[in-house]
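Examination of the molecular architecture
Residue-level listing of the chains:
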Amino acid sequence: MIENTNGDEPIVTVKREQRLDQYGRAYATGKRKNSISRVWIKTGSGRILVNGKSQDVYFSRAVLRMLIAQPFSVTTRDGQYDVFCTVKGGGLSGQAGAIRHGISKALDAFEPDLHVVLKKAGFLTRDPRIVERKKYGYRKARRSFQFSKR
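Residues numbered from 1 in each chain as written. Predicted model: local features only at pLDDT ≥ 70, side-chain atom pairs only at ≥ 80, totals over all residues. Heavy atoms only, no water.

1. Digging into the sheet that holds strand β3 (residues 26-32)
Applied cut-off: Note on pairing: DSSP must find at least two bridges between two strands before they are called paired. Where helices and strands are cited, they refer to DSSP runs of H or I of at least four residues and of E of at least two residues respectively, numbered from the N terminus. Throughout, a contact is declared for two residues whenever any of their heavy atoms are within 4.5 Å. Lines fitted to the C-alpha atoms define the axes, with helices restricted to the stretch that makes contact. Angles between their N-to-C directions range from 0 to 180 degrees.
Overall, mixed pairing links the 5 strands, which are arranged β3-β4-β7-β5-β6 in an open sheet. Each of the sheet's edge strands pairs with one partner strand only, and the pair in question is β3 and β6 (53-54). The sheet contact formed by strand β4 (residues 35-43) and strand β7 (residues 81-88) spans 8 bridges and is antiparallel. Along β7, the bridge assignment pairs Ile36 with Lys88. Seen against the sheet, helix α3 (residues 92-110) touches β3, β4, β5 (48-50) and β7 and runs at an angle of roughly 150° to β3.

In C-alpha cells:
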C-alpha cells in the first residue's frame, strides 16, 4: 500500500501483486450465462486450447474466436501468452464469453498493471444477464398461449 499526501487528505493506492502457481501460470475462473470456464495462462507463442482442442476446431465461428482474443488485443499482448482452458455448460456463445472473462481475470493476475485497461474495457465484470424463468400460465417467460375466440 502506497500513501500519497495531497493537501489535507491522504490518497491511498493499493499495489497489486502477481499471483502465479508453482508452474508459472496464472489461474482464473470466468462465467457467462450458464457457462463456467477455468483458464490458465503462461508466457508462450499465443496458442489457445479449449477442452484439449485448438480454438479453431472448438469455435468454428470467427466471431467467437475474436471474442476470446479481445483481452489480448486491448492490452496489446497478442501472441505473448499460451492459454489452456476447460469450459462446460451453456452454448458456444456463453462459453466464449466465459473464456473471455477468465482470460481477462488471469491476465490481471499475471500482469497487475493491466487492471485499469481491462476494467475500463469492461472485461473484468461478470455479465449478470441470465435466462428469465418460465412463469405459470405462460408458454415461455413472457409469451402467452394463443388466444382463441371460439
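That was the structure; now back to the text.
2. Some words on the packing of helix α2 (residues 62-74) against α3
We apply this condition: Put simply, angles under 35 degrees are roughly parallel, angles over 145 are roughly antiparallel, angles from 65 to 115 are roughly perpendicular, and the rest are oblique. Residues are grouped as follows: Ala, Val, Leu, Ile, Met, Phe, Trp, Tyr, Cys and Pro are nonpolar; Asp, Glu, Lys and Arg are charged; all remaining types, including Gly, are polar.
Two elements in contact, α2 and α3, have axes separated by 8 Å at closest approach and are oriented at 10°. When the axes of α2 and α3 are compared, the pair comes out roughly parallel. Between α2, through Leu64, Leu67, Ile68, Gln70, Pro71 and Phe72, and α3, the contact on the second element is made entirely by Leu92, Ser93, Ala96, Gly97, Ile99, Arg100, Ile103, Ser104 and Leu107. In terms of residue class, the contact of α2 with α3 is built from 10 nonpolar, 4 polar and 1 charged.

3. Here we look at the packing of aromatic side chains
Quick note on the threshold: Think of it this way: a Phe, Tyr or Trp ring, Trp meaning its six-membered ring, pairs with another when their centres are within 6.5 Å, and the plane angle makes it stacked under 30 degrees, edge-to-face over 60, tilted otherwise. Each residue's exposure class comes from its accessible area (1.4 Å probe, protein chains only) as a fraction of the maximum for that residue type: buried when under 20%, exposed when over 50%, partly exposed otherwise.
Per the counting criterion, the structure on display carries 5 aromatic pairs. Considering the side-chain rings of Tyr27 and Trp40, the 5.1 Å spacing of their centres and the 45° angle between planes classify their relative orientation as tilted. Of this pair, Tyr27 sits in strand β3 while Trp40 sits in strand β4, and the two are 13 residues apart along the sequence. Judged by its relative accessible area of 17%, Trp40 falls in the buried class. Between the aromatic rings of Tyr58 and Phe59, the centroid separation amounts to 5.0 Å while the plane-to-plane angle is 80°, which identifies the pairing as edge-to-face. On the accessibility criterion, Phe59 (0% relative accessible area) is buried. Taken together through their ring pairs, the aromatic side chains of Tyr27, Trp40 and Phe84 make up a single cluster.

So, to be careful, I would describe these as geometric facts and stop short of saying anything about function.
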